[in-house]
Amino acid sequence: MIEPETPASSTTEEVVAQLRARPAFVMVSHVNPDGDTLGAGLALGLALKKLGKRVVYFQEGAVPRNLRFLPEAEMVTRDLPADLPPDTLYVFCDMGNRARGGATLENVARENILDIDHHLGNEHFGAYNYVIPTECSTGTCVVRLLRQLNVEIDRRIATCLLTTIMTDTGGFMHSNTTPEVLGLAAQLIVAGADREEITEEVFANKRFAAIKLLGRALEEATLEHEGRYCWSFIDEKMLETCGADYEDTEEIVGHLRSIEGVEAAALFKTQDGEIKVSLRSKGKINVQAAASRLGGGGHFRASGLTFRGTLGDATKAVEAALIAEGL
Ligand code: 5GP
Ligand code: MN
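Every value quoted in this text rests on a predicted model; they were computed, and no experiment measured them. Counting from 1, residues in each chain are numbered in the order their sequence is written. Starting at A for chains and at 1 for ligands, labels are handed out in the order in which the entities are written. In keeping with the model being predicted, local features are shown solely for residues with a pLDDT of at least 70 and side-chain atom pairs are shown and tallied solely at 80 or more, while totals for entire chains, interfaces and linings include all residues. Where side-chain values are given, they derive from all heavy atoms of the structure, hydrogens and water being excluded.

This brings us to the packing of helix α2 (residues 35-50) against helix α3 (residues 138-149). Fitted lines through C-alpha atoms serve as axes, helices being fitted only where they are in contact, and the angles separating the N-to-C directions of these axes extend from 0 to 180 degrees. Secondary structure elements are defined from DSSP: runs of H or I of at least 4 residues count as helices, runs of E of at least 2 residues count as strands, and each element is numbered from the N terminus. Where α2 contacts α3, the two axes come as close as 8 Å, and the packing angle between them is 15°. With respect to α3, the element α2 is oriented roughly parallel. Along this stretch, α2 crosses α3, giving a crossing that reads as right-handed. Residues D36, A40, A43, L44 and A47 of α2 form the contact with α3, whose own contacting residues are T138, G139, V142 and L146. Asp, Glu, Lys and Arg are counted as charged, while Ala, Val, Leu, Ile, Met, Phe, Trp, Tyr, Cys and Pro are counted as nonpolar; the rest, among them Gly, fall into the polar class. Looking at the contact of α2 with α3 residue by residue, the classes come out as six nonpolar, two polar and one charged. These descriptions rest on fixed angle ranges, namely under 35 degrees for roughly parallel, over 145 for roughly antiparallel, 65 to 115 for roughly perpendicular, and the rest for oblique. By convention, the crossing between two helices is left-handed when the near helix turns anticlockwise from the far helix through less than a right angle, and right-handed when the turn is clockwise. The contact definition used throughout considers only heavy atoms, calling two residues in contact when any of these lie within 4.5 Å.

Here the term donor refers to an N, O or S atom within 2.8 Å of the metal (or 3.2 Å for Na, K and Ca), and because water is left out of the atoms, sites may appear incomplete. Protein coordination at the manganese ion (ligand 2) comes from D36 (OD), D94 (OD), H118 (NE2) and D168 (OD), with a distance range of 2.1 to 2.3 Å. On the primary sequence, the residues serving as donors to the manganese ion (ligand 2) are separated as D-x57-D-x23-H-x49-D. Residue H118 is found in the loop between β5 (113-117) and β6 (128-131), and its partner D168 is found in helix α4 (residues 155-168); the two are separated by 50 residues along the sequence. The class for H118 is buried, based on a relative accessible area of 3%. Accessibility here uses a 1.4 Å probe with only protein chains present; expressed as a share of the type maximum, an area under 20% marks a residue as buried, one over 50% as exposed, and anything in between as partly exposed.

On to the site of ligand 1, then. The immediate surroundings of ligand 1 are formed by 15 residues, with H119, K276, S278, R280 and G304 found nearest. Counting of polar contacts relies on pairs of N or O atoms within 3.5 Å, with two restrictions inside protein: one atom must be capable of donating a hydrogen and the other of accepting it, and residues adjacent in sequence are counted only when both atoms are side-chain atoms. G297 places a polar main-chain atom, nitrogen or oxygen, 3.2 Å from a nitrogen atom of ligand 1. Between G304 and ligand 1, the recorded distance is 3.1 Å, taken from a backbone N or O atom to an oxygen atom. Per-residue and other accessible areas follow the Shrake-Rupley method at a 1.4 Å probe size, with only the shown protein chains counted as cover for residues. In the complex, the protein chains occlude 81% of the 500 Å² of accessible area that ligand 1 would expose alone. Nearness is defined per residue: one heavy atom within 4 Å of the molecule or strand is enough.

Below, the discussion takes up α3. For the α-helix, the turn length of 3.6 residues means that residues three or four positions removed from each other point alike. Over its 12 residues, α3 extends 17 Å from the first C-alpha to the last, a length consistent with the 16 Å expected when each residue adds 1.5 Å. The buried count for α3 comes to nine of 12 residues, which makes it a mostly enclosed element. Every buried residue belonging to α3 is among T138, G139, T140, C141, V142, V143, L145, L146 and L149, and all of these are buried. Between a side-chain oxygen at the N-terminus of α3 and the backbone nitrogen of G139 the separation is 3.2 Å; the capping residue is S137. Immediately beyond the C-terminal end of α3, within one or two residues, lies N150, with a positive phi of roughly 65°. The span one expects for a helix is its residue count, reduced by one, times 1.5 Å.

Further remarks concern the environment of G215. Within the secondary structure layout, G215 lies in helix α7 (residues 208-219). For the pair G215 and K53, spaced 162 residues apart in sequence, the C-alpha separation works out to 47 Å.

Most of strand β8 (residues 229-234) is tucked away, with six of its six residues classed as buried. The two faces of β8 match: Y229, W231 and F233 on one face and C230, S232 and I234 on the other face are all buried. When DSSP locates at least two bridges between a pair of strands, those strands are taken to pair. Here strand β7 (residues 222-224) runs beside β8; their pairing, made up of three bridges, is antiparallel. Directly across from L223, in β8, lies its bridge partner C230. The antiparallel pairing of β7 with β8 creates a hairpin that spans four residues between the two strands, and H225 there sits at a positive phi of about 55°. Bridge analysis of β8 against strand β9 (residues 264-271) gives six bridges, and the strand direction is parallel. Its bridge partner being in β9, W231 is matched across the sheet by A266.

The structure is reproduced here in structure tokens:
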């Protein structure tokens, strides 16, 4: 069968027409969810409920501990109801390809997929693709839709949206923190989002085990390429020793990047016989391009991939990909 051509990005009007026409929605967040994928889906779901729509929040895994404060997070499920209408729209939030939504949704027909995202290299896998790489978060793509839908951004929606911005700008520190983003964040705070609560819940809520694990990863860190590349790893034994799990690994790679002189950082996590790699850049090296050489993706300064093989093979392959991108 010849694959249909990659559909172009949809206009705001086209997407809003679908949101108005469809009776039911499944908001899909990506595996290993973060504040952007969940916050964007919850914000849009809350808005659609205001319009009288049926909304289900789907996530293949569990909601991470630090995101359980989000409004409606307790309704996120991996079990889809059996009585969803055939024209239910599946809204994949914050993912460059549909596999990131998990295996459960493999059989959803393309005509019922809306892809809302801001990743470079998004595969436009939906019938409708609202992909805006200049947006700082998927949540701010959702803001455009809410404005066109004329739904009021209430306190709960504002909390979800501000969480997407604070997650993907690293608490307003990354280069995507433009004056427009700060202006929008201010509007969301005026609408009732509690910046301090989000800071505390998302960023200052680490388990002791996570801090111990960070210590182990820092102990194992290696500095190479005249100090421009820092990498480390997490294996099952380190998790066990610290009493930690994979949720506790999230900010480690940021510490590796924060080292003076480092241009690229990588964290290798062995998990179920595969190696999940997180890549970060300070802005000179395109880690999205490096990740996509190995089947992954993401953004210029933050990307990831899954490697099948040994840790030694993974570190070699990633180093080669980074060298090819100018390390
Ligand atoms: P993280 O390192 O925090 O897991 O991911 C950083 C960025 O890379 C995120 O924007 C995420 O969506 C993207 N990313 C992480 N893992 C993968 C992957 O396996 N495939 C693709 N395409 N993108 C990924
Ligand atoms: Mn995002």
